[in-house]
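# Secondary and tertiary structure notes
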Amino acid sequence: MGGPYLISISGSDFQDVKIDDVYLSLDEVFSLPVTVKSATAMEEVTVTAQSLGDTGFSSGALTTTLGLKALSEVVSIDRDITDAAELDPFASVNVQSGGAKELSIAGANNRFNSLTIDGVALNDRFGLNANGYPSQRSPISYDAIESLSIQTAPFDVEYNGFTGGTINAVTKSGTNEFKGSVSYYSTDDSMIGDKSRDDEFDFQFEEETFAATFGGPIIKDKLFFFVAYDKYEEIAPLSRGPAGSGALNTEPDITTDDVAQVAQIVSDVWGFDIGGFSKSPAQDEKILANVDWNISENHRAKFTYISTEGNTIIEQNGNNFEIPFNPNGGNNVLGASSAWYDRSEEVESMIGHVFSDWSDSFSTELKIASTTQATGQDSLNGSEFPSMAVFLREANGDNNYLVIGPDRYRHGNELDQEFFQIKFVAEYVLGDHIIKFGIEREEVDVDNLFAQNSEGSYLFDSLTDLQNATASSLSYDNAITNDENDLRAIWGYDYQSIYLQDSWDVNGSLIIDFGLRYDEYSSNGTIRENQNFIDRYGFSNTNDIDGLDVLLPRLSFKWFVSDNTTVRGGIGRFSGGSPGVWISNSYSNDGVISDSTSADGPINVPTTPDSATGQYIPADVLAALANEAPDGSVNALDPNFEIPTTTKMSLGVAHETDLGFLGENWLLSADVLYNTLDNASYWYDARCTQVPGQAPDGRPVYDCSGGGAKQSIVVSSFDGGESTLFALAASKEWNTKAGDFDLFMSYTNSDVKDIGYGTSSTATSNYSDFAAYDRQSPREGTSNFQVEHMFKLRLNWSKELIAGYETKVSVFATRRSGQPYSYTFEENNNCVLDLGGGKCARESSNDDAGHLLYVPSGINDPLFSPNSFNGDAAAQQAFFDYISSSELAQYAGSIAPRNGDNSRWSTIFDVRIQQELPAFSDDHSFKVFLDIENFGNLLNDDWGRVERTSYEYERRVASAIIENGQYKYKSLNSDRSIKNLEILSQSVWQIQLGLKYDF
């Protein structure tokens, strides 16, 4: 794996051939057609392999590979694998509001990718991290990577565990020479922009990274070591804050004086520190150690130890569900730092490989890996306090709230996981065939505490009420014992795989691979059976994945049409990537041990914790939960649930040609990828039954009261979703007097349809966090992860401006269409497609992201009630004026489609400048780096802006109810509330200075 390698071919009847700069990808046969000549024809011939050439970079056949040189040219202030992966034409990166990077490959959900280190999975299997890592940042040091490959559709049967794409990092090994490096990187608030168009910012942050590597022989030619260490520290900038806070996004009608006043009251009454609007430090520490052992000429072993500890401070608004709907506008909600949390990860992994060549035709590989992962989600000021939402004021129709105290999802939240993997692969060369056989097993053990809202959530209608400790509402969820630890879920699952493949070299120009893979699942742990659930819905809540299996056939080919042209393609079925948390929800929420209760005001909030439970919950509420017969919310697996799969079909061509005045040796490629999704996961509320009749636009209406039952979210399977992507790419290298250049550019067009579910970790969020045509029934629509148009440019220039010392400039530019979003009804306390409307049984789900808006064509639209806006003609006209002046005009007389519109296009180009400087020895090197992200914004404040409609990527327009077969629209939100815009931190330039000494 990795490279570069030198391949020599020699014989008595033909001249010797040497092929330089060969890089190998994991589990991929490297085809190298070579034409030899008579021994008398000429002297030895040296060929440079086309795969990576001098640049250490190649992209084609839905695979992008970066060697050491290409990795050193990536502009990445975060030193993140994701930044390197973004070079792939089929990869796109979305940055979350908190800064986490979501990597989508081929328009798939970011949770459906796989990350492997030396071929061993090191993923976020549970599914809590947007970046797909088991850690908060890259799980290994960037300097430990020898090569990186990004693959969208690798048809070899050895690949699985993803339906998006897979990334593999090959780590460095020691050699017969002692070598190492020391590097330092730094950036702070003096090295970042402060303006994007008319928005000005006052960032306060600093980041520092120290990295070192060292490797060499323990026993020459026999035993080698390599060690990499990486330490990162940051104080991150503020994303959201009150007016005057200098945050990237501010709430103009919530002031720092408001925050100070609430802080004083809460401190005086409860003795609790609500925090402010500044971030505490975060850090990340990584260690990787490799030992390579050449056991004999035919046997080799590699042992790897990985340790990663890191944390990130997550800003949020507090997730307080007691905040009511505002009929006159929207709600602006800001969370103080006590509502934020510290997300931490501790990952430790030990990996062993044994590679054996038993003969010239038979080889084997054995891999064994053990990994432990501890995840913390700790509220910054402690989790032993309720969430409190405090109403501050109404301004311009919007209500403004400050939320303090730990948010409901952090009241009880702990996760520990253990993974064990074993893999055995054998290959046998039989004439023109390479027969591959493999077996794998993975064991996963989970200890998960998720006790949401176990400290309670309160609403205070004024500062006076807060001073008097008098709340207007309370919700409380917990185990019926009032001990959150009784909600702990201890469970696990195993899966076994077996596969067989034949790689047939038909005639030296055509290679065909055909294989079959079989995966089977089993589960461990017990889900408490809920008889109430069985009586209501006719099936058990104890269903799990035990006994589920999937068959995955693969077929691919590569045809070397000529010396200059290659055609490739394939078809294959893939599975995996679905987060384990989706299954864990059934173990945590059985409705037998868990339940919930609520109270309306006035409520006298305890100012000291309960002596028995330690909670700030009134004694009568604690007693109500403990004394009622348990009948809580349930998460369950539908009896018809199956393992999700994606069938990938691809066809591509690469052609090397001359383009006249543009020069020789251009490599042009075109690839098309078509995906179909089967057994895609979707969630429904089992309480909901369709009532007679329909909504005015033909959609079903539901009664979700369930006879008073609590929410019962079930995950099932649906055959639906497809995508078509095609990419065009061109690359070339030039050696000129002005310097050496290498260029890669691509265009990717995507048409991605999915059913919208599965964007979060909890069952309730997966049911609710997308704009829905009908939330109970899956329906295809444009995916959140679609980037319809995406242009990329990678350009490097190097020259010795000072003799013996290279200067290099690397540029990576992207231009892409914006984030898709939907227009919806405003359903906060105003359910539209639920019987009776108003605050319905599933209001909290509809409130997260509403149902798609029916857009009336005008006053005379038969579906538009003349009683809309209480019959106020001026208000009705304002509604239609908004429609006609917005994108909604194109949907007049119909339902607005899911993700039918897009936020603004964005153009970002990043620059890395490297300069070699004198070192202490001729065989050492010293480099200075300058990474400039969003260089355009540095040149012009109006450039490089990334602005989008916020997650859940919806624009809530107006509330409505159904009356006499028509929609009666009730309230039009303000323009600011509808647009729901956020500016991302990448909208301003940032510079990082780096130093690296190689010895």
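Quick look at the structure, then. (Residues numbered from 1 in each chain as written. Predicted model: local features only at pLDDT ≥ 70, side-chain atom pairs only at ≥ 80, totals over all residues. Heavy atoms only, no water.)

Our focus in this paragraph is the overall build of the protein. A count of helices and strands for the protein gives 12 helices and 57 strands. Across its three principal axes, the protein shows a C-alpha extent of roughly 100 × 65 × 60 Å. Of all 999 residues assigned to the protein, the portion counted as buried reaches 58%. Restricting the contact set of the protein to residue pairs at least 6 apart, pairs at least 24 apart contribute 74%. Here the protein displays about 38400 Å² of accessible surface, and carbon together with sulfur accounts for 51% of that area. For the protein, the distance from the average position of its 66 positive side-chain charges to the average position of its 147 negative side-chain charges is 4 Å. (Helix = DSSP H or I, 4+ residues; strand = E, 2+ residues; numbered from the N terminus. Buried < 20%, exposed > 50% of the residue type's maximum accessible area, 1.4 Å probe, protein only. Contact = heavy atoms within 4.5 Å. Areas by Shrake-Rupley, 256 points an atom, 1.4 Å probe, with all protein chains shown as cover. Lys, Arg positive; Asp, Glu negative; His and termini not counted. Charge placed at Lys NZ, Arg CZ, Asp CG, Glu CD.)

A few words on the packing of aromatic side chains. Applying the stated criterion across every chain yields a total of 49 aromatic pairs. Centre to centre, the rings of F178 and F225 are 6.4 Å apart; their planes meet at 50 degrees, and the pair counts as tilted. One end of the pair, F178, is in the loop between β11 (166-171) and β12 (179-188); the other, F225, is in strand β16 (residues 223-235), and 47 residues separate them in sequence. Owing to a relative accessible area of 18%, F225 belongs among the buried residues under this scheme. Every member of this aromatic cluster is reached through a ring pair, and the members are F112, W582, Y682, W683, Y684, F718, Y757 and F770. Against the face of Y773 rests R779, its NZ or CZ located 3.8 Å from the ring centre. The residue whose ring lies beneath R955 is Y821, and the NZ or CZ to ring-centre distance is 4.1 Å. (Phe/Tyr/Trp six-rings, centres within 6.5 Å; stacked < 30°, edge-to-face > 60°. Lys NZ or Arg CZ within 6 Å of the ring centre and 35° of its normal.)

Cis geometry marks the peptide bond from G601 to P602; its omega dihedral reads 0 degrees. The peptide bond linking Y951 to E952 adopts the cis configuration, its omega dihedral lying at 15 degrees. Looking at where E952 falls in the secondary structure, it is placed in the loop between β53 (947-949) and β54 (954-963). One non-glycine residue, F869, adopts positive backbone phi at about 55 degrees. Tracing the sequence through the fold places F869 in the loop between β48 (854-855) and α10 (873-884). The exposure class assigned to F869 is buried, which follows from its relative accessible area of 8%.

It is worth spelling out the pattern of salt bridges at this point. In this structure the tally under the stated criterion is 50 salt bridges. We note a salt bridge from R408 to D477, for which the minimum N-O separation is 3.8 Å. Remark: D477 occurs in strand β29 (residues 470-479) and R408 occurs in the loop between β25 (398-404) and β26 (413-430); sequence separation between them is 69 residues. (Salt bridge = Lys/Arg side-chain N within 4 Å of Asp/Glu carboxyl O.)

Below, the discussion takes up a negative patch on the surface. On the surface, a cluster of negative charge is contributed by D189, D194, D198, E200, D202, E206, E208, D941 and D942. Secondary-structure assignment places E208 in strand β15 (residues 206-219). For E208, a relative accessible area of 35% translates into the label partly exposed. (Patch = residues over 30% accessible without salt bridge, like charges linked within 9 Å, V, L, I, M, F, W, Y side chains within 5 Å.)

As enumerated under the stated definition, the model contains two disulfides in all. The disulfide partner of C688 is C704, and the S-S distance across this bridge is 2.0 Å. Disulfide C688-C704: the torsion about the S-S bond is 115 degrees, which places it as right-handed. Of the two residues, C688 sits in the loop between β38 (680-685) and β39 (689-694) while C704 sits in the loop between β40 (700-703) and β41 (712-718), which places them 16 residues apart along the sequence. Covalent S-S linkage joins C831 and C840, the inter-sulfur distance amounting to 2.0 Å. (Disulfide = S-S within 2.5 Å.)

Now for a nonpolar patch on the surface. A cluster of nonpolar residues, F178, V182, Y184, F210, F214, L993, L995 and F999, forms a patch on the protein surface that exposes about 660 Å² of accessible area. Contributions of two or more residues to the nonpolar patch are made by β12, β15 and β57 (990-998). Residue placement: V182 occurs in strand β12.

For S865, the position within the fold is in the loop between β48 and α10. Each C-alpha atom, one on S865 and one on D258, is 41 Å from the other, the two residues being 607 residues apart in sequence. The residues contacting S865, other than those within four sequence positions of it, are E963, Q966, Y967 and K968. Polar contacts involving the side chain of S865 include one to the main-chain amide nitrogen of N867, which spans 3.0 Å. (Polar contact = N/O pair within 3.5 Å; in protein donor to acceptor, adjacent residues only side chain to side chain.)

Another aspect to go through is the side chain of S650. Within the secondary structure, S650 is located in strand β36 (residues 645-657). Classification of S650 as buried rests on a relative accessible area of 13%. Sequence-distant contacts of S650, defined by excluding residues within four places in its chain, comprise L62, F155, R568, G569, G570, V672 and L673.

Across the 10 residues of β29, 10 count as buried, placing the element largely inside the fold. Here three bridges tie strand β28 (residues 457-460) to β29, and the two strands are oriented antiparallel to one another. Residue pairing in the sheet places S457 in a bridge with S475 of β29. Here β29 pairs with strand β34 (residues 594-604) via nine bridges, running antiparallel. What sits directly across from N478, in β34, is D595. (Pairing = 2+ DSSP bridges.)

Look at helix α3 (residues 256-270): 21 Å from first C-alpha to last across 15 residues, which is about the 21 Å you get at 1.5 Å a residue. Within α3, burial applies to D258, V259, V262, I265, V266, V269 and W270. Considered in projection along α3, the buried side chains sweep an arc of 135 degrees and stay on one side of the axis. In α3, the exposed positions angled more than 90 degrees off the buried face are occupied by D257 and D268. Against β17 (240-243), β18 (249-255), β24 (387-395), β25, β28 and α4 (463-467) lie the buried residues of α3. Downstream of α3 by one or two residues, G271 has phi in the positive range, about 70 degrees. (Expected span 1.5 Å × (residues − 1). Arc of directions from axis to C-beta.)

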